[in-house]
Amino acid sequence: MAGEALLGAAFGVLLDRLTSKDFINFFRGRKHDERLLKKLKLKLLGLNKVLNDAEDKQITHPAVKEWLDELKGAIYDAEDLVDEITTEALRCKGEAEYQSGSNQVQSRISSFTKLFDDEIESKLEKMIDTLEDFSKEKDVLGLREVAGRNWSQTRLPTISLVDESCVYGRENDKEEIMKLLLSDGESSDKVDVIPIVGMGGVGKTTLAQLLYNDGRLDGHFVKKAWVCVSDVFDVSRVTIAIVEAVTEKACDTKDPNLLAVKLKESLSGKKFLIVLDDVWNENYDNWIALMTPFKFGAHGSKIIVTTRNESVATIMQTVPIHGLKKLPEEDCWKLFSKHAFEKGDCNEHPNLERIGRKIVGKCKGLPLAAKTLGGLLRSQRDVKDWNNILDSAIWELSEEKSNILPALRLSYHYLPSHLKRCFAFCSAFIKDYEFNMQELVSIWMAEGFLVKPKNNMTVEEEGYECFRELLSRSFFQRSNADNSLFVMHDLVHDLAQHVMGDFCYRLEDDKPCGTSENVRHFSYVRRNFDGVDNLRLIKDAKCLRTFLT
């Protein structure tokens, strides 16, 4: 699996528009130099090749991040320039309506046309020069064409062991799945596949560990195996891991056929439990290839699959998906306290408890966040240090000490580029804003974020498909107050802000006024700021593309 760069979608849309028949015909009809379009296209193609490399390296190389942010601004400018040419083409189509008008009207049209023609080639040449500078800088930065980064190499594999004293609030989830594990008649399938689905950091692996180590399963299953699958779904690698776990011997072959036969022999007639943790595979054929030897096991065998993606779960499931929800706030506080205070006791630090509970509120029921932030503060007893964590955005926390952002960013990394763009735009919404699907899809359509529809779908239908995909990957969640509305988890919203940078600005009560010249999307809450002079700050933005209220 390889993630696609955020800017890749913007490049693709630009290239499609530059090479469209109507666009080229208009350019020719006005007798502009077509070589400018070709140069612009070649510059875009050259930069597009290194976007994957740049998106990965920006995490640890500030110079690459700065280059990528500046390139993002240049692409916005290029989109605006293409919009300008397209608008002029539409204006020319309507010009026929004025052919019978007065000489004065005709004169105005002619003057406007000449002014546009004089300016457009100059703007194109300037844009080409700008992209040429980026091309030179990419060579200096050592950026190169890569298919994508294997993020599995950057993460430790999960293990089956768990410290149950550090787990809170999962009793009901555990018992619900335990009933499935101990039952032999939940489905007509010989082997039941039980998917546990939820956003990154919500505790899917922990729940699977609790189940795997429960003593009630010891006599129920003859064979057990735990495999951390991760983002590279290699059938042979996963099969080897299962064979070694159930035989307790090193596997001496890598031949796919011999591996399948050996796994079949190891499981034949036996009731087994296998946990496949952190699965990302959406390829049905790969899953079938892995599953074939399992079918020789005894009836009542079970496979637990943990994944962030409902689409993955749908491919594998034989019983209903278990959607893992956020922790209740009090359980989240217990988990935070366990890691932040010695023996989990906060009684000696009442001032810290007050701040700590606010920090836990910021975690919004995400166990990974509570555990990580508690661990960051374990050796800190200064109120100032705790307030710093409370006031920090997740991307301001050191990645060496905090794994919240890497865990969430992994889900983002594997989005197709057009979905990355759709998701990043959502940083324009204020936190806890409840939105409906139609509203957001309409904005995506207006912004040109959606790729060309396939299979005779309309652009709107494509937008709904994108929305459902982001929902299935836990970037959106249904509102507790209204099932027809959706919200973003605060930390997912922070991720969107991190991705969007200063290209989006939200005017909020507790936020200082003043915007970067890079701002292209601006939002404010109408009831809070209507008629307020602060709205004048949007004049500083280079070119405002979206204005949300």
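Residues numbered from 1 in each chain as written. Predicted model: local features only at pLDDT ≥ 70, side-chain atom pairs only at ≥ 80, totals over all residues. Heavy atoms only, no water.

Enquirer: Mind showing me how you'd approach the overall build of the chain here?
Expert: Scanning the chain from terminus to terminus reveals 22 helices and 10 strands. Here the chain holds 549 residues, and 48% of them are scored as buried. Partitioning the contacts of the chain with sequence separation of at least 6, the portion at a separation of at least 24 is 75%. As displayed, the chain offers around 26700 Å² of accessible surface, 49% of which is attributable to carbon and sulfur atoms. (Helix = DSSP H or I, 4+ residues; strand = E, 2+ residues; numbered from the N terminus. Buried < 20%, exposed > 50% of the residue type's maximum accessible area, 1.4 Å probe, protein only. Contact = heavy atoms within 4.5 Å. Areas by Shrake-Rupley, 256 points an atom, 1.4 Å probe, with all protein chains shown as cover.)

Enquirer: Before we go on, may I ask you to explain the confidence of the model for the chain in this structure?
Expert: When pLDDT is averaged along the chain, the result is 84; 85% of the residues meet or exceed 70. Every residue in residues 105–109 scores below 50 in pLDDT, and together they form 7 contacts with partners more than four places removed in sequence or on other chains. (pLDDT = per-residue confidence, 0-100.)

Enquirer: When you look at the sheet that holds strand β4 (residues 301–307) in this model, what are you seeing that I'm missing?
Expert: Across a sheet, paired strands are connected by hydrogen bonds in the backbone, their directions being either parallel or antiparallel. On the basis of which strands lie adjacent, the open sheet formed by 5 strands has the order β2-β3-β4-β1-β5 and parallel pairing. In this open sheet, the two strands that pair with only one neighbour each are β2 (223–230) and β5 (322–323). Where strand β1 (residues 191–197) meets β5, 2 bridges bridge the pair, whose relative direction is parallel. Bridging from a neighbouring strand, Ile196 pairs with His322 of β5. The strands touched by helix α7 (residues 171–182) within the sheet are β1, β3 (272–279), β4 and β5, with β1 carrying the most contacts at an inclination of about 165°. (Pairing = 2+ DSSP bridges. Axes fitted to C-alpha atoms, helices over the stretch in contact; angles between N-to-C directions.)

Enquirer: Looking at this structure, I do not really get empty space enclosed by the protein. What am I missing?
Expert: Where empty space is left becomes clear once a probe the size of a water molecule has been rolled over the atoms. A complete count under the given rule lists 6 cavities of 30 Å³ or more for this structure. For the largest cavity, the calculated volume is near 130 Å³. Around the largest cavity, the lining residues are Leu6, Leu7, Ala10, Lys72, Ile75, Tyr76, Glu79, Arg421, Ala424, Phe425, Phe449 and Met500. Elements represented by at least two residues in the lining of the largest cavity include exactly α1 (6–18), α5 (62–94) and α18 (417–425). Among the residues making up the lining of the largest cavity, the classes are represented as 9 nonpolar, no polar and 3 charged. (1 Å grid on protein atoms, 1.4 Å probe; cavity = no way out; pocket = protein on both sides within 12 Å on 5 of 7 lines; lining within 4 Å. Points joined across faces, edges and corners; volume = space filled by probe spheres on them. Nonpolar A, V, L, I, M, F, W, Y, C, P; charged D, E, K, R; others polar.)

Enquirer: What's the story with the pairing of β1 in this structure? I'm lost.
Expert: Regular strands place their side chains on alternate faces of the sheet. Among the 7 residues in β1, 7 count as buried, and that is most of the element. Going residue by residue along β1, you find Val191, Val193, Pro195 and Val197 tucked away on one face and Asp192, Ile194 and Ile196 tucked away on the opposite face as well. When β1 meets β4, the two strands line up parallel, connected through 7 bridges. If you follow Pro195 over to β4, its bridge partner there is Val305.

Enquirer: Please clarify how unusual backbone geometry should be interpreted in this entry.
Expert: Glycine aside, residues mostly have negative phi, and peptide bonds are mostly found in the trans state. Within the chain, Glu248 stands out as a residue other than glycine whose phi angle is a positive 60°. Secondary-structure assignment places Glu248 in the loop between α9 (235–247) and α10 (256–267). Accessibility expressed as a relative area gives 71% for Glu248, which makes it exposed. We note that Lys364 has phi near 50°; this positive angle belongs to a residue other than glycine. Checked against the element boundaries, Lys364 lands in the loop between α14 (350–363) and α15 (367–376). Judged by relative accessible area, which is 27%, Lys364 ranks as partly exposed.

Enquirer: Please explain a negative patch on the surface as it appears in this structure.
Expert: On the surface, a cluster of negative charge is made up of Glu66, Glu70, Glu125, Asp129, Asp133 and Glu137. Those elements giving two or more residues to the negative patch turn out to be α5 and α6 (103–140). Top element by residues in the negative patch is α6. It accounts for 4 residues. Mapped onto the fold, Glu70 is located in helix α5. Residue class for Glu70 comes out partly exposed when judged on its relative accessible area of 40%. (Patch = residues over 30% accessible without salt bridge, like charges linked within 9 Å, V, L, I, M, F, W, Y side chains within 5 Å. Salt bridge = Lys/Arg side-chain N within 4 Å of Asp/Glu carboxyl O. Lys, Arg positive; Asp, Glu negative; His and termini not counted. Charge placed at Lys NZ, Arg CZ, Asp CG, Glu CD.)

Enquirer: Help me understand the packing of α18 against helix α21 (residues 490–500), please; the structure alone is not making it clear to me.
Expert: A pair of packed helices is captured by two measures, namely the crossing angle of their axes and the spacing between those axes. Where α18 contacts α21, the axes come no closer than 8 Å and their chain directions differ by 110°. Judged on the interaxial angle alone, α21 and α18 are roughly perpendicular. From α18, Phe423, Ala424 and Phe425 reach across to α21, where they touch Val492, Leu495, Ala496, Val499 and Met500. Of the residues that constitute the contact of α18 with α21, the class distribution is 8 nonpolar, no polar and no charged. (Parallel < 35°, antiparallel > 145°, perpendicular 65-115°, else oblique.)

Enquirer: Even after reading the chapter, I still don't get the side chain of Asp173, so can you show me in this structure?
Expert: Considering the arrangement of structural elements, one finds Asp173 in helix α7. One polar contact links Asp173 to His322, side chain to side chain, over a distance of 2.7 Å. Ignoring sequence-local partners within four residues, the contact set of Asp173 consists of Leu207, His322 and Leu324. (Polar contact = N/O pair within 3.5 Å; in protein donor to acceptor, adjacent residues only side chain to side chain.)

Enquirer: Sorry, what's going on with the environment of Thr318 here?
Expert: Note that Thr318 resides in the loop between α12 (310–316) and β5. Given a relative accessible area of 25%, Thr318 falls into the partly exposed group. For the pair formed by Thr318 and Asp189, sequence separation is 129 residues and the distance between their alpha carbons is 7.2 Å. Within the local environment of Thr318, its side chain forms a polar contact with the backbone nitrogen of Val193, the two atoms lying 2.8 Å apart.

Enquirer: Just checking my understanding: could you explain the pattern of salt bridges for this structure?
Expert: Between side chains of opposite charge, pairing is possible as soon as their charged atoms come close. For the structure shown, the criterion picks out 23 salt bridges. With a shortest N-O distance of 2.9 Å, Lys364 and Asp432 are connected by a salt bridge. Of this pair, Lys364 sits in the loop between α14 and α15 while Asp432 is found in the loop between α18 and α19 (437–447), placing the two residues 68 residues apart along the sequence. The exposure class of Asp432 is partly exposed, given its relative accessible area of 47%. The network of salt bridges with common partners includes Lys174, Glu175, Asp214 and Arg216.

Enquirer: So what exactly am I meant to see when it comes to the side chain of His339 here?
Expert: Turning to its location among the elements, His339 is positioned in helix α13 (residues 329–340). His339 gets classed as buried once you look at its relative accessible area, which sits at 17%. The contact partners of His339, leaving out residues within four places of it in the chain, are Cys166, Lys371, Gly374, Gly375 and Arg378.

Enquirer: What is the right way to look at α9 in this model?
Expert: Turn by turn, an α-helix covers 3.6 residues, leaving residues three or four places apart pointing in a common direction. In this model α9 runs 18 Å from its N-terminal to its C-terminal C-alpha over 13 residues, within 8% of the 18 Å that 1.5 Å per residue would give. Taken together, the buried positions of α9 are Val238, Thr239, Ile240, Ile242, Val243 and Val246. On its buried face, α9 sits against β2, α10, β3 and α11 (284–291). Between the side-chain oxygen of the N-cap and the backbone nitrogen of Ser236 there are 3.0 Å, and the N-cap of α9 in question is Asp234. (Expected span 1.5 Å × (residues − 1).)

Enquirer: Mind showing me how you'd approach the state of the cysteines here?
Expert: Defined simply, a disulfide is a covalent bond joining two cysteines at their sulfur atoms. Summed over all chains, the structure comprises 0 disulfides. Not part of a disulfide, Cys363 finds its nearest cysteine sulfur in Cys332, a span of 5.2 Å. (Disulfide = S-S within 2.5 Å.)

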